Amino acid sequence: MKLEKNFLRKDDSVRKAIGVLNKFKCQIILVIDKNKKLIGTVTDGDIRRSIAKGNTLDCDLKKLMNKEPVKVKEKENFSNIQKIMKNNSILQIPEVNKLGKVIKLHFWNSKSQSKNKKNVFFILAGGKGKRLWPLTKNTPKPMLKVRNKPMLENLINDAKNFGFNNFTISVNYKKEKIINYFKNGKNLNVVIRYISEKKPLGTAGSLSMLKKNMKLPIIITNGDIHTKVNFSELLDFHNKNKAFATVVVKQIEKMNSFGVVKTKGIIFKDFIEKPVEKININTGIYVLNPNIIKIIPKRKIDMPEVLIKLRNKKKKIIIFPVHEEWSDLGIKKDLRAKQNKKK
């Protein structure tokens, strides 16, 4: 990728930065002035924190950019560059010349993103897929094909690319079709175990059937989603924030069809023409402390109820805002759109 692809101006929008990050699979935006001098950087993490604060995707990069980014001088020894990156916990660092112009972008020379992780990657695949009927009459929802493969296989492969190879799949409806297809995961070069629900246990109940002696955080996801979420970054975010639970959310904007009158009692205060409401929707992806197994009852229970219980117990719950692609393939129109997409 040409270095210039990472260049944006301070007046460019966060939305444009997201487009660059996603298109070119990079992790950093280099903000330059009219003389192409580096004046700041914006990382994927900066964008997530901005979204979490309630900023819109149309706000300028100058609102969230790091105005004093870590950088190295021209022709710096790479071993020293690695030390600087390690000391500052960063994976990329720009190299600038005497004029302050970026001449190179260095990346951490490791495979930390794909390093094997021992965490359990738990997939909920037991639902009947009523919203997709009659497509699910003879086929369990996670086995419906996208890109010529079952959506569940795509999800496993995506997670494997981020270093996860220890999968547990919770099954119920037409479970034999899932188990017979994936078996123990050897064909995908992963390990797959199954939890068989005798009756539907909701989106959280099957977690109670995991071993109680687990030590590492558990990644949980619905089996009917398509996403470009970086599961490795998600796990790091959870660990760094010392959270008990992390909920992955996607911010969407809804425009009100009417002008809104704001009042205080009967007194007119303001008029807002068709305001845009920002809401965070649940993506069906979570990271949970392994002690959650001891808390979840062995009955049908959904994740929202579990999260409320954790909140009432004063457990630390955080959100991980995503700007990456995400689709609920349990909705027929979204499934069709993904199936018809060429890439």
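Rules used throughout
- Residues numbered from 1 in each chain as written.
- Predicted model: local features only at pLDDT ≥ 70, side-chain atom pairs only at ≥ 80, totals over all residues.
- Heavy atoms only, no water.
- Helix = DSSP H or I, 4+ residues; strand = E, 2+ residues; numbered from the N terminus.
- Buried < 20%, exposed > 50% of the residue type's maximum accessible area, 1.4 Å probe, protein only.
- Areas by Shrake-Rupley, 256 points an atom, 1.4 Å probe, with all protein chains shown as cover.
- Lys, Arg positive; Asp, Glu negative; His and termini not counted.
- Charge placed at Lys NZ, Arg CZ, Asp CG, Glu CD.
- Salt bridge = Lys/Arg side-chain N within 4 Å of Asp/Glu carboxyl O.
- 1 Å grid on protein atoms, 1.4 Å probe; cavity = no way out; pocket = protein on both sides within 12 Å on 5 of 7 lines; lining within 4 Å.
- Points joined across faces, edges and corners; volume = space filled by probe spheres on them.
- Nonpolar A, V, L, I, M, F, W, Y, C, P; charged D, E, K, R; others polar.
- Pairing = 2+ DSSP bridges.
- Contact = heavy atoms within 4.5 Å.
- Axes fitted to C-alpha atoms, helices over the stretch in contact; angles between N-to-C directions.
- Patch = residues over 30% accessible without salt bridge, like charges linked within 9 Å, V, L, I, M, F, W, Y side chains within 5 Å.
- Core = buried A, V, L, I, M, F, W, Y, C linked by side-chain atoms within 4.5 Å.
- Phe/Tyr/Trp six-rings, centres within 6.5 Å; stacked < 30°, edge-to-face > 60°.

Help me get a handle on the overall build of the protein, residues and values and all.
A count of helices and strands for the protein gives nine helices and 19 strands. Across its three principal axes, the protein shows a C-alpha extent of roughly 65 × 65 × 45 Å. The buried share of the protein, taken over its 343 residues, is 45%. If you sum the accessible surface of the protein, you get close to 19400 Å²; carbon and sulfur atoms cover 51% of it. Taking the 76 positively charged and 29 negatively charged side chains of the protein as two groups, their mean positions are separated by 7 Å.

Could you give an account of the pattern of salt bridges, with specific residues and numbers?
All told, the structure shown has 14 salt bridges when counted by the stated rule. Note that arginine 131 is salt-bridged to aspartate 328, the shortest N-O span being 3.4 Å. In this pair, arginine 131 sits in the loop between β7 (121-125) and β8 (145-146) while aspartate 328 sits in strand β19 (residues 326-328), placing the two residues 197 residues apart along the sequence. A single network of salt bridges, built from pairs that share partners, joins Asp44, Arg48, Glu233 and Glu324.

Describe the layout of surface pockets, naming the residues involved and giving the relevant values.
When its volume is computed, the largest pocket comes out at roughly 1000 Å³. Elements that contribute at least two residues to the lining of the largest pocket include exactly β3 (38-43), α2 (44-52), α3 (78-87), β5 (92-96) and α6 (231-240). Its residues placed into classes, the lining of the largest pocket shows eleven nonpolar, 13 polar and ten charged.

Account for the sheet that holds strand β1 (residues 7-8), naming residues and giving values.
Strand order in the open sheet formed by three strands is β1-β2-β3, and the pairing between neighbours is mixed. The outermost strands of the open sheet, each flanked by one partner alone, are β1 and β3. Relative to strand β2 (residues 28-32), β1 runs parallel, the two sharing two bridges. The residue of β2 that forms the bridge with leucine 8 is valine 31. Together, β1 and β2 form the strand contacts of helix α1 (residues 14-24), whose direction differs from that of β2 by roughly 130 degrees.

If you had to explain a positive patch on the surface to someone new, which residues and values would you point to?
Together, Lys25, Arg147, Lys149 and Lys228 make up a region of like positive charge exposed at the surface. With respect to the helices and strands, the residue lysine 25 is situated in the loop between α1 and β2.

Describe the nonpolar core, with residues and values.
Core analysis: the biggest nonpolar cluster contains 30 residues, and Ile156, Phe164, Phe167 and Phe231 have the highest contact counts within it. If you list the elements that add at least two residues to this core, you get β7, α4 (151-161), β10 (166-171), α5 (175-182), α6, β17 (276-288) and β18 (317-322). For this core, the element with the highest residue contribution is α4, accounting for four residues. Beyond its immediate stretch of four places on either side in the chain, phenylalanine 167 contacts Phe121, Ile123, Ile156, Ala159, Lys160, Val190, Val191, Ile192 and Arg193. Ile218, Ala245, Leu288 and Val306 belong to the second-largest nonpolar core, a separate cluster that totals 24 residues.

Report on α4, specifying residues and quantitative values.
With nine of eleven residues buried, α4 lies mostly within the body of the structure. Those residues of α4 that sit buried are Met151, Leu152, Glu153, Asn154, Leu155, Ile156, Asn157, Asp158 and Ala159. Immediately downstream of α4, the backbone of glycine 163 shows phi near 100 degrees, a positive value.

Can you tell me about the packing of aromatic side chains, naming the residues and giving the values?
Applying the stated criterion across every chain, the model contains six aromatic pairs. Ring plane angle 90 degrees and centroid distance 5.1 Å describe the contact between phenylalanine 121 and phenylalanine 231, whose orientation is recorded as edge-to-face. Placement of phenylalanine 121 in strand β7 and of phenylalanine 231 in helix α6 is noted, with a sequence separation of 110 residues between them. Assessed through its relative accessible area of 0%, phenylalanine 121 is described here as buried. Pairing tyrosine 181 with phenylalanine 182 gives two aromatic rings, centres 4.8 Å apart and planes at 75 degrees, and the pair type is edge-to-face. By the ring-pair criterion, three or more aromatic residues cluster together here, those being Phe121, Phe162, Phe164, Phe167 and Phe231.

Residue-level account of unusual backbone geometry, with values.
The amide bond that connects tryptophan 133 to the next residue, proline 134, takes the cis arrangement and shows omega of 10 degrees. Take proline 134: it is sitting in the loop between β7 and β8. The backbone of lysine 36 shows a phi angle near 65 degrees, a positive value even though the residue is not glycine. Within the fold, lysine 36 resides in the loop between β2 and β3. The phi dihedral of lysine 242 falls on the positive side, at around 50 degrees, and the residue is not glycine. In this fold, lysine 242 is placed in the loop between α6 and β14 (245-255). Note on lysine 242: relative accessible area 72%, which makes it exposed.

A description of the environment of leucine 216 should follow, citing residues and the corresponding values.
Note that leucine 216 resides in the loop between β11 (191-196) and β12 (218-222). According to the relative accessible area criterion, leucine 216 is partly exposed, its value standing at 37%.

Give a description of the pairing of β5 that names residues and reports values.
The element β5 is extensively covered by neighbouring structure, given that five of its five residues are classed as buried. Strand direction decides the pairing type here: strand β4 (residues 72-73) and β5, joined by two bridges, are parallel. From the neighbouring strand, valine 72 faces β5, where its bridge partner is glutamate 95. By the bridge criterion, five bridges tie β5 to strand β6 (residues 102-107) in an arrangement that is antiparallel. In the strand pairing of β6, valine 96 is matched with valine 102. What sits between β5 and β6 in their antiparallel hairpin is a turn of five residues, with glycine 100 showing a positive phi close to 85 degrees.

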